[in-house]
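Breakdown of the fold
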Amino acid sequence: MPLMPKRVKYRKLQKGNTKGKAKKGCTLFFGDYGLQSLQPGRLTNNQIEAARVAIMHHLKSKGKMWIRIFPDRPFTKKPAETRMGKGKGDVSGWESIIKPGRILFEISGVSSDVALEALRLASYKLPINTKMIVREEI
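The following paragraphs examine the structure supplied in this document. (Residues numbered from 1 in each chain as written. Predicted model: local features only at pLDDT ≥ 70, side-chain atom pairs only at ≥ 80, totals over all residues. Heavy atoms only, no water.)

Description of the overall build of the chain
Threshold: Where helices and strands are cited, they refer to DSSP runs of H or I of at least four residues and of E of at least two residues respectively, numbered from the N terminus. Burial classes follow relative accessibility: with a 1.4 Å probe on protein chains only, a residue under 20% of its type's maximum area counts as buried, one over 50% as exposed, and anything between as partly exposed. All accessibility values rest on the Shrake-Rupley procedure with a 1.4 Å probe; residue burial counts only the protein chains present in the view. Charge convention: Lys and Arg are scored as positive, Asp and Glu as negative, and His as well as the terminal groups of each chain are ignored. Charged groups are reduced to one reference atom each: NZ for lysine, CZ for arginine, CG for aspartic acid, CD for glutamic acid.
Each helix and strand counted, the chain has two helices and seven strands in total. Helices and strands appear in the chain in the N-to-C order β-β-α-β-β-β-β-α-β. Over its C-alpha atoms, taken along the principal directions, the chain stretches across nearly 55 × 30 × 25 Å. Looking at the 138 residues of the chain, the share that counts as buried comes to 36%. Carbon and sulfur atoms make up 53% of the accessible area of the chain, which amounts to about 9,300 Å² in all. For the chain, the separation between the mean place of its 28 positive charges and that of its 11 negative charges on side chains is 11 Å.

As for the environment of N45
To keep it simple, the criterion reads: Any two residues whose heavy atoms approach within 4.5 Å are treated as being in contact.
Here N45 shows up in helix α1 (residues 45–59). Its relative accessible area of 10% is what places N45 among the buried residues. Spatially, the C-alpha atom of N45 lies 7.4 Å from that of G93, the residues being 48 residues apart in sequence. If near-sequence neighbours (up to four positions away) are discounted, N45 is found in contact with P2, L3, P71 and W94.

Right, here's the structure in full:
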């Protein structure tokens, strides 16, 4: 079942903007290793799911993973070969607005090389540039 909200207040939304840096979700909260975005963009539910599958496939059943983003905004699309006008298209899917600095995924309970390799595989599935971060030991 794809990631999507149970219900929303408005069926169709405007695109909005992706300017600025992320104000929240910028630090590791749950895990020891994370995947952080370096540029703004929009991630669809299919892209998030593909990255999740890549991480879980590499971790097998060891460790724990958290998804720190949720696709709660609908995006619309007009059918192919449709003339201009006639209103906004139907809802095609769900997306999450990503700003630079946002943590996308977190992992804990595995060794560093396994976790970083899983995050590297997940980064290939995403359309934005990312970097892997490690919790600083105090």
